[in-house]
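Take a look at the letters that make up each chain.
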Amino acid sequence: MKPLKHIFVSSLLIATFLGGSSAFAAGLDADALKNSNGQILSDVSTLAGIGEFDDIDGGVLQAGFRAPGSVLQLADGSILVADSRNHVIRKIAAGQVTTFAGPAIAVLKNAQGFPTGGLVNGKASEAFFNEPTGLAVDRNGNVYVADAGNNAIRKIDGNGMVTTLAGNGVPGNKDGKGADASFNHPSDIAVANDGTLYVADSLNHTIRKIATDGTVTTLTAPVKRVIQIRPGEASFAGEFKDGRLAEALFNEPSGLAIDAKGNLYVSDTGNHVIRYIDLGTGLVSTVAGSTPSYEKNDLYAAGDFADGDALKAKFDFPKGITVTSEGGLLVADSLNHSVRYLLNGQVSTLAGTLQTGEADGVDQAAQFYNPTDVLITAQGNIVVADMSNNKVRKIAPYQLPSSIAADSQVKVVSGNKQIEFDAQPEIENGRTMVPVRAISETFGYKVSYAERDGKKIVELSKGADSVELVIGETGIVRKQAGKPDVSVKTDVAPYVKQDRTYVPVRFFAEQIGLDVQWDAPHHTAILRVKSYVK
């Protein structure tokens, strides 16, 4: 939603809190370690939130959110969260979640006991919002809020005062100045260097502009497509058209980001595509996603999932977006429950899977549930508003331990720690072979030896589960309590060398559920637990 390439954090406290390394500021893709398929290696964890639909300030892992819709990093490194169903703006800093704007304790509640919003200006602690959805910050530190339920754009200045910049609380579609203008569920906002604001006016299906004097104008064409919602009831619906800005058509645009050229990316949610507005030439083009098509009464085009060539890639209700320093675009692909990356005409999936869930873990083993916004921090980490999980998540690009040298010596790491062996790992027939005792004990397995039918057996056991290997023979047998034995073929056999038993690290690690990658420049096997809960 907001490009953060110019934000640099000097605070050691903030850097420690968010983790990561500023080395990644040079480029997410360029600096990343990748697997053989080009997948960026990353670790997904929970930055804040217990996952319950709640309203709790406090420690980051004891705090409660209700459908966080947007995230924003301030110049001091703290993270703001548009906590949409609590109708407040929250702040994450120094390991704590606090209320930044809006009442810290819900004053207005509905019949079910949940907070309800309002439209009140004044001191941040006394102001009211209604389903705040999008956030942006200008170079002077003023924070802007797309206050969707109030159909208004709000401003929080450096003194903590909240004002309504444009809109009047009533849904409509009117240009004008300040309260004379009207919006219909504005979902996001972006700020240009000159202070001009751009608004994704979602239910009007348009992109609006707010000049520095508060004057609102509409940049794109109004929709004219009419559909039947139910017998006897019709409504305008979004459309699709590239070309001249004044003639371009959108369907519920909900994410905005300004690039280094000052032009505008738009997450065209109902069309399931990413659009680009060249403000200099006044032209709109599609940069990612397949051209949408509609049947007579379709409210939205059909969403889907596919990585690859940008114009053949498929999204499913993409929402929040952010520009990276290398010119890429991160996308919160909400109904694909994943974070995607558009770079150099290609779309890839950075983290998440089509299956909903809240599991932390590595790469696409991690799970999200309706992610709606994404940003990249000054530390090179990615922060995600994981709306339906009521959490704020963090995606940290994986880095090797600093002790790992780029040489020809074979090394093995478990997560961010190098495994120490009493004999040197080596390559045999293209496979990384390691002394069995050190690798097994690292992951809590007991090593035992037996002889059966003249064969020497190595058994690695943990509780009721075990993995058996035969010296000099290929293949692994995995045994689990209550399940039939499973034989797995391998192309290299364990062997004994200098009184050490060597086993193929990949096959052992994969059989106990680890993710295994090989980093050729460092001659290092990387072992990571696929899914975990912190």
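Since the model is a prediction, treat every value here as computed from it, not as a measurement.

Participant: What am I meant to see in the overall build of the protein here?
Facilitator: Secondary structure assignment for the protein yields 4 helices and 46 strands. A compact globule built from 534 residues would reach a C-alpha radius of gyration of about 24 Å, and the protein, at 26 Å, matches this within 12%. A principal-axis box enclosing the C-alpha atoms of the protein has dimensions of 90 × 45 × 45 Å. Going through the 534 residues of the protein one by one, you find that 54% of them count as buried.

Participant: I'm lost on the environment of Arg-506 in this one. Help?
Facilitator: Residue placement: Arg-506 occurs in helix H4 (residues 505-511). A relative accessible area of 27% places Arg-506 in the partly exposed class. Note: C-alpha distance between Arg-506 and Asn-336 (170 residues apart in sequence) is 30 Å. The contacts of Arg-506, once residues within four sequence positions are left out, are Arg-431, Val-516, Gln-517 and Trp-518.

Participant: Explain the sheet that holds strand E22 (residues 273-278) here, please?
Facilitator: Pairing between the strands of a sheet comes from backbone hydrogen bonds, and it takes one of two forms, parallel or antiparallel. An order of E19-E23-E22-E21-E20 is seen for the 5 strands of this open sheet, with the pairing classed as antiparallel. The open sheet has two free edges, formed respectively by strand E19 (243-244) and strand E20 (253-258), since each of these has just one partner strand. Relative to E22, strand E21 (residues 264-268) runs antiparallel, the two being bridged by 5 bridges. When the bridges of E22 are listed, Ser-267 appears paired with Ile-274.

Participant: Just checking my understanding: could you explain the UniProt feature "domain: Copper amine oxidase-like N-terminal" (unreviewed entry) in the protein for this structure?
Facilitator: Per the UniProt record, "domain: Copper amine oxidase-like N-terminal" (unreviewed entry) is annotated on residues 416-524. Overall, residues 416-524 shows 13% helix and 49% strand. The separation of its end C-alpha atoms is 12 Å.

Participant: Help me understand the nonpolar core in this model?
Facilitator: Within soluble globular proteins, side chains that are nonpolar generally end up buried alongside one another. With 24 residues, the main nonpolar core has Val-412, Phe-421, Val-434, Ile-439, Phe-443, Leu-460 and Leu-527 as its most contacted residues. Elements supplying a minimum of two residues to this core: helix H3 (436-442), strand E38 (455-462), strand E39 (465-470), H4, strand E44 (514-519) and strand E45 (524-529). Of all the elements, H4 adds the most residues to this core, at 4 residues. Among the nonpolar cores identified, the runner-up in size contains 18 residues, and Ile-40, Leu-343, Leu-350 and Ala-351 belong to it.

Participant: Would you mind showing me how to read the confidence of the model for the protein here?
Facilitator: Regions with low pLDDT should not have their predicted coordinates read in detail. Averaged over all residues, the pLDDT of the protein equals 91, while 95% of them reach at least 70. With pLDDT under 50 throughout, residues 1-26 is counted as low confidence; its partners more than four residues away or in other chains account for 91 contacts.

Participant: What am I meant to see in the packing of aromatic side chains here?
Facilitator: Pairs of aromatic rings are described using the distance from one ring centre to the other and the angle between the two planes. Enumeration over the complete set of coordinates arrives at 4 aromatic pairs. Ring geometry for Phe-53 against Phe-114: centres 5.4 Å apart, planes inclined by 80°, an arrangement best described as edge-to-face. Note that Phe-53 is positioned in the loop between strand E1 (42-48) and strand E2 (58-59) and Phe-114 in the loop between strand E6 (96-101) and strand E7 (122-123), a separation of 61 residues in sequence. The exposure class of Phe-53 is partly exposed, given its relative accessible area of 36%. According to the relative accessible area criterion, Phe-114 is partly exposed, its value standing at 34%.

Participant: Can you help me understand empty space enclosed by the protein in this one?
Facilitator: In this approach, a probe sized like a water molecule rolls over the atoms, and the result shows the empty space that is left. A complete count under the given rule lists 1 cavity of 30 Å³ or more for this structure. Roughly 80 Å³ of internal volume is contained in the largest cavity. If you go around the largest cavity, you meet 14 residues; those closest to its centre are Asn-86, Pro-103, Ala-106, Pro-115 and Thr-116. For the lining of the largest cavity, a count of residues per class yields 8 nonpolar, 5 polar and 1 charged.

Participant: Hey, could you run me through the sheet that holds strand E12 (residues 176-177) in this one?
Facilitator: One open sheet holds the 5 strands; their spatial order is E12-E16-E15-E14-E13, and the pairing between them is antiparallel. Of all strands in the sheet, those bounded by a partner on one side alone are E12 and strand E13 (186-191). Across 2 bridges, the pairing between E12 and strand E16 (residues 215-218) is antiparallel. Looking at E16, one finds that Lys-177 is bridged to Thr-215.

Participant: How should the pairing of strand E28 (residues 346-352) be read in this particular structure?
Facilitator: In the case of a regular strand, side chains alternate between the two sheet surfaces. In terms of residue burial, E28 counts as a mostly covered element, since 5 of its 7 residues are buried. For strand E24 (residues 308-309) and E28, the ladder comprises 2 bridges, and the chain directions are antiparallel. By the bridge assignment, Asp-309 is partnered in E28 with Gln-346. Here 6 bridges tie strand E27 (residues 338-343) to E28, and the two strands are oriented antiparallel to one another. If you follow Tyr-341 over to E28, its bridge partner there is Ser-348. Linking two consecutive strands that pair antiparallel, namely E27 and E28, is a turn of 2 residues; a positive phi of about 55° is found at Asn-344 within it.

Participant: Before we go on, may I ask you to explain the environment of Glu-52 in this structure?
Facilitator: With respect to the helices and strands, the residue Glu-52 is situated in the loop between E1 and E2. Sequence separation between Glu-52 and Ala-166 is 114 residues, and the spatial gap between their C-alpha atoms is 33 Å. Among residues more than four places away in sequence, those in contact with Glu-52 are Phe-65 and Asn-390.

Participant: Which parts of the structure should I look at to understand the pairing of strand E43 (residues 500-504)?
Facilitator: Summarising burial for E43: 4 of the 5 residues are buried, a large majority. Sheet topology places strand E36 (residues 431-435) next to E43; 3 bridges connect them, and they run antiparallel. Bridge pairing links Met-433 to Pro-504 in E43. Counting the residues in the hairpin turn of strand E42 (residues 495-497) and E43 gives 2 residues, including Gln-498, whose phi is positive at 50°.

Participant: What am I meant to see in the side chain of His-272 here?
Facilitator: Mapped onto the fold, His-272 is located in the loop between E21 and E22. Among the polar contacts made by the side chain of His-272, one reaches the main-chain amide nitrogen of Gly-303 at a distance of 3.4 Å. Separated by 2.9 Å, the side chain of His-272 and the backbone nitrogen of Phe-317 make a polar contact. The residues contacting His-272, other than those within four sequence positions of it, are Gly-289, Tyr-300, Ala-301, Ala-302, Gly-303, Phe-315, Asp-316, Phe-317 and Pro-318.

Participant: How should I be thinking about the environment of Pro-68 in this particular structure?
Facilitator: Tracing the sequence through the fold places Pro-68 in strand E3 (residues 68-73). Distance in space between the C-alpha atoms of Pro-68 and Val-81 is 6.5 Å, their sequence separation being 13 residues. Ignoring sequence-local partners within four residues, the contact set of Pro-68 consists of Val-81, Ala-82, Asp-83, Ser-84, Thr-372, Ala-385, Asp-386, Met-387, Asn-390 and Lys-391.

Participant: How do you make sense of the pattern of salt bridges when you look at a structure like this?
Facilitator: When the charged atoms of two side chains with opposite charge come close together, those side chains can pair. Evaluated as defined, the whole model comprises 29 salt bridges. Close ionic contact of Arg-528 with Asp-43 constitutes a salt bridge, the shortest N to O distance being 3.4 Å. Within this pair, whereas Arg-528 is found in strand E45, its partner Asp-43 is found in strand E1, the two being separated by 485 residues in sequence. The network of salt bridges with shared partners includes Asp-43, Asp-363, Asp-515 and Arg-528.

Calculation notes
Residues numbered from 1 in each chain as written. Predicted model: local features only at pLDDT ≥ 70, side-chain atom pairs only at ≥ 80, totals over all residues. Heavy atoms only, no water. Helix = DSSP H or I, 4+ residues; strand = E, 2+ residues; numbered from the N terminus. Rg over C-alpha atoms; globule rule 2.2 N^0.38 Å. Buried < 20%, exposed > 50% of the residue type's maximum accessible area, 1.4 Å probe, protein only. Contact = heavy atoms within 4.5 Å. Pairing = 2+ DSSP bridges. UniProt positions renumbered as here; feature names shortened; annotations may be inferred. Core = buried A, V, L, I, M, F, W, Y, C linked by side-chain atoms within 4.5 Å. pLDDT = per-residue confidence, 0-100. Phe/Tyr/Trp six-rings, centres within 6.5 Å; stacked < 30°, edge-to-face > 60°. 1 Å grid on protein atoms, 1.4 Å probe; cavity = no way out; pocket = protein on both sides within 12 Å on 5 of 7 lines; lining within 4 Å. Points joined across faces, edges and corners; volume = space filled by probe spheres on them. Nonpolar A, V, L, I, M, F, W, Y, C, P; charged D, E, K, R; others polar. Polar contact = N/O pair within 3.5 Å; in protein donor to acceptor, adjacent residues only side chain to side chain. Salt bridge = Lys/Arg side-chain N within 4 Å of Asp/Glu carboxyl O.

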